[in-house]
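Overview (structure and organization)
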Amino acid sequence: MPDSKTFTGGCHCGQVRFECTSDLAMVTACNCSICTKKGLHFTFIPPKSFQLRAGEENLKEYLFNRHAIRHQLCIDCGVEAFARGTKPDGTEVVAVNVSCFDGVDLSKIKMTPVDGRSM
């Protein structure tokens, strides 16, 4: 299992900033409609491992399908840096968009295919 590391990141314009701890053991390559169109690559972490450092007032929530994930978009640049939701067992989770991490090269991260289109 990879070691956990603390990452910083945020949206394109910099209004929304976060810090999180993850081992990046699973980063999604999901084929659902939103992940495909937006190029999202999520790692799912417990809420205690995520801190929104700036920009709460710059967030707009977007819901679709079953409303299981509350997508958080910057109202200035439109980037989704993270989302909040619940796992099938009801456990709260934060889905952090690894594409928004500072200094991370996506080509070096192992992606886990997820068939979200069929869910």
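Before any of the text, the structure's been laid out above.
Residues numbered from 1 in each chain as written. Predicted model: local features only at pLDDT ≥ 70, side-chain atom pairs only at ≥ 80, totals over all residues. Heavy atoms only, no water.

**With respect to the packing of aromatic side chains**
The cut-off we apply is this: When two rings of Phe, Tyr or Trp (its six-membered ring) have centres within 6.5 Å they constitute a pair, described as stacked for plane angles under 30 degrees, edge-to-face for angles over 60, and tilted for the intermediate range. Numbering goes from the N terminus for both helices and strands, where a helix is a DSSP run of H or I of at least four residues and a strand is a run of E of at least two. Exposure is judged per residue with a 1.4 Å probe applied to protein chains only, and the accessible area is read against the type maximum: over 50% gives exposed, under 20% gives buried, and values in between give partly exposed.
In this structure the tally under the stated criterion is 6 aromatic pairs. Plain terms: the ring middles of Phe7 and Phe101 are 4.7 Å apart, the flat faces sit at 25° to each other, and that makes the pair stacked. You can see Phe7 sitting in strand β1 (residues 5-10) and its partner Phe101 sitting in the loop between β9 (92-97) and β10 (111-114), a full 94 residues away along the chain. A single burial state applies to Phe7 and to Phe101, both of which are buried. Judged by centre distance (4.7 Å) and plane angle (45°), the ring pair of Phe50 and Phe82 falls under tilted. One end of the pair, Phe50, is in strand β5 (residues 50-54); the other, Phe82, is in strand β8 (residues 80-86), with 32 residues separating them in the sequence. One exposure class covers both Phe50 and Phe82, and it is buried. Clustering of aromatic rings is evident, with ring pairs tying together Phe7, Phe18, Phe50, Phe82 and Phe101.

**Here's the deal with the sheet that holds strand β7 (residues 69-74)**
The following threshold applies: In this description, strands pair whenever DSSP reports at least two bridges between them. Only the stretch in contact is used when fitting a helix axis, every axis being a line fitted to C-alpha atoms; angles between N-to-C directions are given from 0 to 180 degrees.
Pairing is antiparallel in the open sheet, where 5 strands are placed in the order β4-β9-β8-β7-β6. Two strands bound the open sheet, and with one partner strand each, they are β4 (42-45) and β6 (59-62). Direction aside, the axes of adjacent strands within the sheet are offset by 25° on average. Across 5 bridges, β7 lies against β8 in antiparallel orientation. Note on β8: the bridge partner recorded for Gln72 is Phe82.

**Digging into the sheet that holds β5**
The strand order across the open sheet formed by 3 strands is β1-β2-β5, and the pairing between neighbours is antiparallel. Two strands bound the open sheet, and with one partner strand each, they are β1 and β5. Between one strand and the next, the sheet's axes are offset by a mean angle of 20°, whatever the strand orientation.

**Brief notes about the pairing of β6**
Pairing between β6 and β7: 4 bridges, direction antiparallel. Across the sheet, Tyr62 pairs through a bridge with His71, a residue of β7. Hairpin connection from β6 to β7: 6 residues lie between these consecutive antiparallel strands, with Asn65 at a positive phi of about 55°.

**Section: the pairing of strand β2 (residues 17-22)**
Burial along β2 is one-sided: the face carrying Phe18, Cys20 and Ser22 is buried and the face carrying Arg17, Glu19 and Thr21 is not. By the bridge criterion, 6 bridges tie β1 to β2 in an arrangement that is antiparallel. Each residue of the ladder has a partner; that of Gly9, found in β2, is Phe18. The turn linking β1 back onto β2 is made up of 6 residues, and Gly14 within it adopts a positive phi angle of 90°. The pairing of β2 with β5 spans 4 bridges and is classified as antiparallel. Along β5, the bridge assignment pairs Phe18 with Leu52.

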